[in-house]
Amino acid sequence: MEDKKLFLAGEYDACVIGAGHAGCEAALALARLSLKTICFMVSTDSIAMMPCNPNIGGTSKGHLVKEIDALGGEMGKNIDKTYIQSKMLNTSKGPAVHSLRAQADKQKYSNSMRKVMENTDNLTLKQAEVCEICYEDDEKGRFVTGVITASGAIYKSRAVVLCSGVYLNARCIFGEVSEYTGPNGLPRATHLTDSLIKMGIEMYRFKTGTPARIDKRTIDFSKLEPQYGDEVVTPFSFTNKEEDIRREQCLCFLGYTNEKTHEIIRENIDRSPLFSGNIKGTGPRYCPSIEDKVIKFADKERHQFFVEPEGDYTNEMYLSGLSSSLPEEVQIKMYRSIKGLENAQIIRNAYAIEYDCINPCQLKESLECKTIRGFFSAGQANGSSGYEEAAAQGIMAGINAAMFLLGKEPLILDRSDGYIGVLIDDLVTKETHEPYRMMTSRAEYRLLLRQDNADLRLTEYGHRVGLVDDDRYDAFLNKKELIEKEIIRLNETSVGASRRVNDILEKIGTTPIRTGTSLAELIRRPELNYDMIAELDENRQDIPKEVSEQVEIEIKYEGYIERQRQQVEHFKKLENRKIPADINYDLIDSLRLEARQKLGKIRPESVGQASRISGVSPADISVLLVYLEANKNR
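What counts as what
Residues numbered from 1 in each chain as written. Predicted model: local features only at pLDDT ≥ 70, side-chain atom pairs only at ≥ 80, totals over all residues. Heavy atoms only, no water. Helix = DSSP H or I, 4+ residues; strand = E, 2+ residues; numbered from the N terminus. Rg over C-alpha atoms; globule rule 2.2 N^0.38 Å. Buried < 20%, exposed > 50% of the residue type's maximum accessible area, 1.4 Å probe, protein only. Contact = heavy atoms within 4.5 Å. Areas by Shrake-Rupley, 256 points an atom, 1.4 Å probe, with all protein chains shown as cover. Lys, Arg positive; Asp, Glu negative; His and termini not counted. Charge placed at Lys NZ, Arg CZ, Asp CG, Glu CD. Pairing = 2+ DSSP bridges. Axes fitted to C-alpha atoms, helices over the stretch in contact; angles between N-to-C directions. Polar contact = N/O pair within 3.5 Å; in protein donor to acceptor, adjacent residues only side chain to side chain. Phe/Tyr/Trp six-rings, centres within 6.5 Å; stacked < 30°, edge-to-face > 60°. Lys NZ or Arg CZ within 6 Å of the ring centre and 35° of its normal. Patch = residues over 30% accessible without salt bridge, like charges linked within 9 Å, V, L, I, M, F, W, Y side chains within 5 Å. Salt bridge = Lys/Arg side-chain N within 4 Å of Asp/Glu carboxyl O. Core = buried A, V, L, I, M, F, W, Y, C linked by side-chain atoms within 4.5 Å. Right-handed = clockwise from strand over helix to strand, strands pointing away. Parallel < 35°, antiparallel > 145°, perpendicular 65-115°, else oblique. Left-handed = near helix turned anticlockwise from the far one by under 90°. Nonpolar A, V, L, I, M, F, W, Y, C, P; charged D, E, K, R; others polar.

Q: I keep staring at the overall build of the chain and nothing clicks. Help me out?
A: Tallying secondary structure elements over the chain gives 21 helices and 25 strands in all. The C-alpha radius of gyration of the chain comes to 26 Å, within 12% of the 26 Å expected for a compact globule of 634 residues. Seen through its C-alpha atoms, the chain measures out along the principal axes to roughly 90 × 75 × 50 Å. The buried share among the 634 residues of the chain stands at 57%. Sequence separation of at least 24 residues holds for 73% of the intrachain contacts in the chain that already meet a minimum separation of 6. A total accessible area of about 27300 Å² is found for the chain, and carbon and sulfur atoms account for 47% of it. The average position of the 85 basic charges and that of the 96 acidic charges among the side chains of the chain differ by 2 Å.

Q: Got a minute to help me understand the sheet that holds strand β7 (residues 123–127) in this structure?
A: As a general point, the strands of a sheet are linked pairwise by backbone hydrogen bonds and lie either parallel or antiparallel. With parallel pairing, the five strands of this open sheet are ordered in space as β7-β3-β2-β11-β23. This sheet does not close on itself; its edge strands, each paired only once, are β7 and β23 (375–377). The mean angle between the axes of side-by-side strands here comes to 20°, regardless of whether they run parallel or antiparallel. Note that strand β2 (residues 14–17) and strand β3 (residues 37–41) share four bridges and pair parallel. Considered in β3, the bridge of Ile-17 is made with Phe-40.

Q: Would you explain unusual backbone geometry in this entry?
A: Most peptide bonds take the trans configuration, and most residues that are not glycine carry a negative phi. Residues other than glycine seldom take positive phi values, yet Asn-169 does so here, at roughly 50°. In this structure, Asn-169 sits in the loop between β11 (159–162) and β12 (171–174). With phi around 50°, Arg-603 is a residue other than glycine that occupies positive phi space. For Arg-603, the location among the structural elements is in the loop between α19 (593–602) and α20 (607–611). We classify Arg-603 as partly exposed; its relative accessible area is 30%.

Q: Honestly, the side chain of Glu-389 in this entry has me stumped. Any pointers?
A: By the element assignment, Glu-389 lies in helix α11 (residues 387–406). A polar side-chain atom of Glu-389 sits 2.9 Å from a polar atom in the side chain of Lys-61. Here the side chain of Glu-389 touches Met-438 through a polar contact of 2.9 Å, landing on its backbone nitrogen. Glu-389 has contacts with Lys-61, Leu-64, Ser-384, Leu-423, Arg-437 and Met-438, leaving out every residue within four places of it along the chain.

Q: Help me out: how do you make sense of the packing of aromatic side chains in this one?
A: The way to describe two aromatic rings as a pair is by their centre distance and the angle between their planes. Summed over all chains, the structure comprises seven aromatic pairs. Where Phe-221 meets Phe-253, the ring centres are 4.5 Å apart and the plane angle is 35°; that geometry is what we call tilted. Here Phe-253 lies in strand β17 (residues 252–256) and Phe-221 lies in the loop between β15 (213–215) and β16 (225–227), a separation of 32 residues in the sequence. Taken together through their ring pairs, the aromatic side chains of Tyr-12, Phe-40 and Tyr-155 make up a single cluster. Above the ring of Phe-238, the side-chain terminus of Lys-66 is found at 4.6 Å from the ring centroid. The ring of Tyr-256 carries the charged tip of Arg-302 above its face, separated from the ring centre by 3.6 Å.

Q: Would you mind going over a negative patch on the surface with me for this structure?
A: On the surface, a cluster of negative charge is contributed by Asp-469, Asp-470, Asp-471 and Asp-474. According to the relative accessible area criterion, Asp-469 is partly exposed, its value standing at 47%.

Q: Looking at this model, I keep getting lost on the environment of Met-532. Mind explaining?
A: Tracing the sequence through the fold places Met-532 in the loop between α16 (519–523) and α17 (545–556). Using a relative accessible area of 30% as the deciding quantity, one classes Met-532 as partly exposed. Once the C-alpha coordinates of Met-532 and Gly-185 are considered, the two residues, 347 residues apart in sequence, prove to be 55 Å apart. Setting aside chain neighbours within four positions, we find Met-532 in contact with Ile-508 and Glu-527.

Q: Hey, could you run me through the nonpolar core in this one?
A: One broad trend across soluble globular proteins is that nonpolar side chains are buried collectively. Among the nonpolar cores identified, the biggest contains 111 residues, and Ile-133, Leu-196 and Phe-375 are the most heavily contacted of them. With twelve residues, the top contributor of residues to this core is α11. Dropping the residues within four chain positions of it, Leu-196 is found in contact with Ile-133, Leu-162, Leu-168, Ile-201, Met-203 and Phe-375. One finds Ile-290, Phe-305, Met-317 and Leu-326 within the second-largest nonpolar core, a separate group that totals 23 residues.

Q: Could you clarify how one ought to interpret the pairing of β3 in this entry?
A: Consecutive side chains along a regular strand alternate between the two faces of the sheet. Most of β3 is tucked away, with five of its five residues classed as buried. Along β3, one buried face is formed by Thr-37, Cys-39 and Met-41 and the opposite face, lined by Ile-38 and Phe-40, is buried too. You can see the chain leave β2, run along helix α1 (residues 21–32) and come back into β3, and the turn it takes is right-handed. One ladder, built from five bridges, connects β3 with β7; its direction is parallel. If you follow Cys-39 over to β7, its bridge partner there is Leu-125.

Q: Which parts of the structure should I look at to understand the packing of α1 against α11?
A: When two helices pack together, their arrangement is given by the angle between their axes and by how far apart the axes lie. The N-to-C vectors of α1 and α11 enclose an angle of 30°; their axes lie 7 Å apart at closest approach. In terms of orientation, α1 and α11 fall into the roughly parallel class. Note on packing geometry: the crossing formed by α1 with α11 is right-handed. Contact with α1, carried on its side by His-21, Ala-22, Glu-25, Ala-26, Ala-29 and Leu-30, involves Tyr-387, Ala-390, Ala-391, Gly-394, Ile-395, Gly-398, Ile-399, Ala-401, Ala-402 and Leu-405 of α11 and no other residues of that element. Across the contact of α1 with α11, the residue classes tally to twelve nonpolar, three polar and one charged.

Q: Explanation requested: the pattern of salt bridges in the structure shown.
A: Any two side chains of opposite charge can pair, given that their charged atoms come close. Counted according to the given criterion, the structure contains 51 salt bridges. Residue Glu-259 pairs with Arg-266 through a salt bridge whose shortest N-O separation is 2.3 Å. For Glu-535, the salt bridge goes to Lys-507, with nearest N and O atoms at 3.0 Å. With Glu-535 in the loop between α16 and α17 and Lys-507 in helix α15 (residues 499–507), this residue pair connects regions lying 28 residues apart in the sequence. Its relative accessible area of 42% is what places Glu-535 among the partly exposed residues. Among the residues examined, Lys-507 registers a relative accessible area of 56% and is labelled exposed.

The values reported here are purely geometric and, on their own, carry no functional implication.
Given below as structure tokens:
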């Protein structure tokens, strides 16, 4: 910034860089906790923008949105106001993997979030490119003091939250075309990476991609399979009821590629920047482009994709599953080789986007940088992918920046508290060299971490930090009490083996009983549920659906749930064993060299976190425990 005249433009408690899904949640959390906050964005059009898929939630991601809501975040409320189709996924499986997914009207979603941001006390929005993060050094180390924008404006603050998304030195590529812009043609941020490197931050170069948008009027939907939303809509936010958000839903469609499609891709694969070497960034393993799928899964005769509306306001249709960076003329041939898309007109070409992000292993579990006090980072800036992963980190970074400013202990969610805990722990502990995507398989306690009980797990935390108000907290306590009382009542209520009882049991399709049994035991039968035994339950009270749902799951899966709770107790022992921040691993002679190097680099905050570092063995953990015990009084 040497060539700019610098001037003081304002003083705030916190600066948030970026107003995507992470930035929105971070800024709202800070402002709602009464901290004077300014949120910067390269364009006001980028606020809560959805540059890729037009949906919120999905497998495992729905869990994250529910947890954000339970903590007092905004994403769940916003999609409930702006969805155009809602569907619960994986309903043929157990409740642990049920995941809510909603198609969004992109424009309404962004506008609705912008309205919330603009009308939140203590929050200022500013369209400006942040070029530099200011810092100073004292006897305790380095700490942030504010930011400088491209115009030379200085904004002083005691905390900075980086939520830059995919804008840092962004480059959009398809075929031989390379455009130095952010997503959707918005300006990119060209200076901030240099500032981060100057601060001592290690940077990565990642890549993601998006498919083409097709004119709805040029699609033959008769050749595609319609996909309907749920008749009964489940809200994302625990503050909403089904009747509050019910509306007419749009249609999505399912289609398939074919051998002709694959042939076109194979013939032009050398022109794909993914394979020509033009793209240097590492792409997401679990969201491959169509050319990736065709090459890596050569035995597949077809690949499915979904045609999804971008909103009520537009004819643009999103081709989910067909992301690509092939040249434009190849994209036209490829898409038109597919049944239903023979006359398709592309409104926006598919493209890949490269961007800079930080190595998240430089962060604490609170998402504060280990070497720079008051500097927090969240979202795709941390090497994750997805709106939901970004928002989840955003609210946690916002909460913990607020706790830092208020002189309070940070809020740390561990792997047994929620998917948010799994997400953050994976990012800051396990060295990832590709965009991180949340999946249910990453959560070892997923039977406890269901989306349906996110409020029971996390509302307490949200209230404790101040994002959940007393009215909502009282409603939560009432729900919790109703669940506990109903479970006790069902376990204590017995029915005898009378003719009437057995006639009812046969009528509802289950085996008659020979001796008396509890209503809870009947619910445990695979073929029965809470509602089916209502005729046998003479003292049943009228309780809300969300209560009966929890009662049924807790009773039906009691044995499995109890087993996982015991596993969590064992996990907590290692998680609660803290490691001194100034520990010198080189002094622990019995540690293997690799373990010393990895532990010294990542500097885990607990023995539990240390045990999850790649290259640290169970034997190394035993050595570490012995050392900590021997030196606990030092």
